[in-house]
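# Observations on the three-dimensional arrangement
Chain residues, written in single-letter form:
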Amino acid sequence: MTDKPANAMWGGRFQMSPAEIMQEINASIGFDKRLAPQDIRGSKAHAQMLAEAGILTKSDAKEIVKGLDQVQAEIDAGTFEFSVALEDVHMNVENRLKTLIGAAAGRLHTARSRNDQVATDFRLYVRDAIDGIDAALERVQQALAEKAEAHAATVMPGFTHLQPAQPVTFGHHLLAYVEMIARDRGRFADARKRLNESPLGSAALAGTSFPIDRKRTAEALGFDRPMANSLDGVSDRDFALETLAAATITAIHFSRLAEEIVIWMTPQFGFVKLSDRFTTGSSIMPQKRNPDAAELARAKVGRIAAAFQGLAMVMKGLPLAYSKDMQEDKETTFDALASLRLVMAAMAGMIGDLEPVPEAMRAAAGRGYSTATDLADWLVRELKMPFRDAHHVTGSIVKAAETKGLDLDKLPLADMQAIEPKITKAVFSVLSVENSVKSRTSYGGTAPQNVLKMARHWLRRLEKGRAKG
Ligand code: ARG
């Protein structure tokens, strides 16, 4: 027996204090103190419900709520002392409450367990995070749609295999990400809907014999309804997994845009410029301007995806109901959500800062025979050639242009006619990159008029979304 006191919460059964390593591996206060605001919200709702149900006296409940507000104030002021010996946020808060209000504090844990308590706290935390993420994603969409409106007609090369494929507009390219982010927001919204049920009142695993009102606490905490099965209530973390999956997909989208910014920033491409605000220099090479923020936004997806993977492995094969394994749900989730917050804010900033270099984009758009498809389409439309034949003829014309070292729109008509005699000079109207993009008027296509319409549609839609709150 050591001279340290046995645990204050379960000292009835225990005589010895825990081994040091037991305390070290067991304590979660180092990271779950972040859940204190949610823990206090949950406890207040629980106490008020207990009083309404006649399980607590009104005056005890009043004391408890007042005391919990005091604890929150101490945390806000930074004067609260978290203790490792008290293991986690739940026991730290309750212990402080006892010091503040005395005996009534001991009644707060009636009809409740740390198992439903932590499940409630973590759900509230993840829900708050989802709301923050949605607002941040909206800001990125706004930045993208504004840039897209300004550059609805700015021609750039469109790529497949990172080879010049067909000209597109910069606005069109940016709006592709607005669409992706819209689906990301949809995934978070879906996750939020399924998350939004209250585990509180599941107690340790089997429910409780006290006449609690779970609907009341669910409502007080903004949940749609109580979870229907107490075992499920305390033992699943699918809401965190689903949110991390949505975060991973979102981060994948951002890593692609970040990678494009990195590529566009190279002198070889020179498509965009970032100001001093979003670049760094080199300590040795004076000429360098590095897109570090984009690189980090590209990299953060690693830890976000790892958080999903990590929690999936923690949950895999766990028997119902609660096991301490589940305490491992927090650190990586906190880290992933914080990382995503950084990525979103940095991307919104970078997109606003980004200045395209239209001359460089335009010049690159014309290289690599990017209007070859337009030529083939012209042959189909004007000469009624089957597309496969037109593809072949165009291939030969590209080869002729390549041999002469000329762009397609600079190749003399005679050279084209040597390959296909029926070609007329009208063909030149489709060979410029401007006319190429202008002709892509099919729904969802890159024609500047489409892009402008879509950019404005998005700007209106985003404004309406904000008005609705
Ligand atoms: N710190 C714990 C966690 O995060 C709280 C729940 C503890 N429950 C228990 N039965 N030991 O999971």
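On a predicted model such as this, the values are computed, not experimentally measured, just so you know.

Before going further, it helps to spend a moment on the pattern of salt bridges. In this structure the tally under the stated criterion is 28 salt bridges. One salt bridge in this structure joins Glu 87 and Lys 324, with 3.0 Å as the shortest N-O distance. Here Lys 324 lies in the loop between helix H12 (301-315) and helix H13 (330-353) and Glu 87 lies in the loop between helix H4 (58-77) and helix H5 (89-101), a separation of 237 residues in the sequence. The exposure class of Lys 324 is partly exposed, given its relative accessible area of 32%. A salt bridge links Asp 190 to Lys 193, with the shortest nitrogen-to-oxygen separation between them at 3.6 Å. Residue Asp 190 and its partner Lys 193 are both found in helix H7 (residues 170-195); the two are separated by three residues, about one turn of the helix. Taken together, the salt bridges that share partners define one network made up of Glu 87, Asp 88, Arg 114 and Lys 324.

The topology assignment puts Leu 221 in the loop between helix H8 (214-220) and strand S4 (225-226). Sequence separation of Leu 221 and Ala 305 is 84 residues, and the distance between their C-alpha atoms is 30 Å. Once residues lying within four places of it in the same chain are set aside, the contact partners of Leu 221 are Arg 41, Gly 42, Ala 45, Thr 120, Leu 124, Arg 127 and Leu 200.

Geometrically, the link from Leu 320 to Ala 321 is a cis peptide bond, its omega value of 5° lying close to zero. The topology assignment puts Ala 321 in the loop between H12 and H13. Located in the positive-phi region is Ala 111, a residue other than glycine, with phi close to 60°. By relative accessible area, Ala 111 is classed as buried at 7%. Although it is not a glycine, Leu 162 sits at a positive phi angle of roughly 60°. With respect to the element layout, Leu 162 can be found in the loop between strand S1 (155-160) and strand S2 (163-169).

By the definition in use, this model includes seven aromatic pairs. Ring geometry for Phe 80 and Phe 82: centres 4.6 Å apart, planes at 50°, overall tilted. The interplanar angle of 70° and the centroid separation of 5.6 Å between the aromatic rings of Phe 170 and Trp 264 together place this pair among those described as edge-to-face. Within this pair, whereas Phe 170 is found in helix H7, its partner Trp 264 is found in helix H10 (residues 238-265), the two being separated by 94 residues in sequence. Taken together, the ring pairs connect Phe 122, Tyr 125, Phe 239 and Phe 334 into an aromatic cluster. Just above the ring of Phe 223 sits the side chain of Arg 127; from NZ or CZ to the centre is 5.0 Å.

Right, let's talk about the pairing of S2 for a bit. Pairing of S1 with S2 involves six bridges; the strand directions are antiparallel. Considered in S2, the bridge of Val 155 is made with Thr 169. Count of turn residues in the S1/S2 antiparallel hairpin: two residues, of which His 161 carries a positive phi of about 60°.

Taken together, Ser 28, Asp 32, Asp 88, His 90, Arg 114, Asn 115, Val 118, Tyr 322, Gln 327 and Lys 330 make up all the residues around the ligand. Between an oxygen atom of the ligand and a side-chain N or O atom of Tyr 322, the distance comes to 2.4 Å. Considered on its own, the ligand offers 340 Å² of accessible surface; in the complex 87% of this is hidden by protein. No other element matches helix H6 (residues 114-150), which puts three residues into the shell around the ligand.

A word on the UniProt feature "domain: Argininosuccinate lyase C-terminal" (unreviewed entry) in the protein chain. When the UniProt feature table is mapped onto this chain numbering, "domain: Argininosuccinate lyase C-terminal" (unreviewed entry) sits at residues 369-438. End C-alpha to end C-alpha, residues 369-438 measures 17 Å, and it is 61% helix and 0% strand.

Moving on, we come to the side chain of Ser 436. Structurally, the position occupied by Ser 436 is in helix H18 (residues 433-439). Ignoring any residue separated from it by four or fewer positions in sequence, one finds Ser 436 in contact with Pro 167, Thr 371 and Asp 374.

Time to look at a nonpolar patch on the surface. Taken together, Ile 21, Met 22 and Ile 25 make up a surface patch of nonpolar side chains, about 340 Å² in accessible area. Relative to the assigned elements, Ile 25 resides in helix H1 (residues 20-26).

The rules behind these values
Residues numbered from 1 in each chain as written. Predicted model: local features only at pLDDT ≥ 70, side-chain atom pairs only at ≥ 80, totals over all residues. Heavy atoms only, no water. Salt bridge = Lys/Arg side-chain N within 4 Å of Asp/Glu carboxyl O. Helix = DSSP H or I, 4+ residues; strand = E, 2+ residues; numbered from the N terminus. Buried < 20%, exposed > 50% of the residue type's maximum accessible area, 1.4 Å probe, protein only. Contact = heavy atoms within 4.5 Å. Phe/Tyr/Trp six-rings, centres within 6.5 Å; stacked < 30°, edge-to-face > 60°. Lys NZ or Arg CZ within 6 Å of the ring centre and 35° of its normal. Pairing = 2+ DSSP bridges. Near = heavy atom within 4 Å. Polar contact = N/O pair within 3.5 Å; in protein donor to acceptor, adjacent residues only side chain to side chain. Areas by Shrake-Rupley, 256 points an atom, 1.4 Å probe, with all protein chains shown as cover. UniProt positions renumbered as here; feature names shortened; annotations may be inferred. Patch = residues over 30% accessible without salt bridge, like charges linked within 9 Å, V, L, I, M, F, W, Y side chains within 5 Å.

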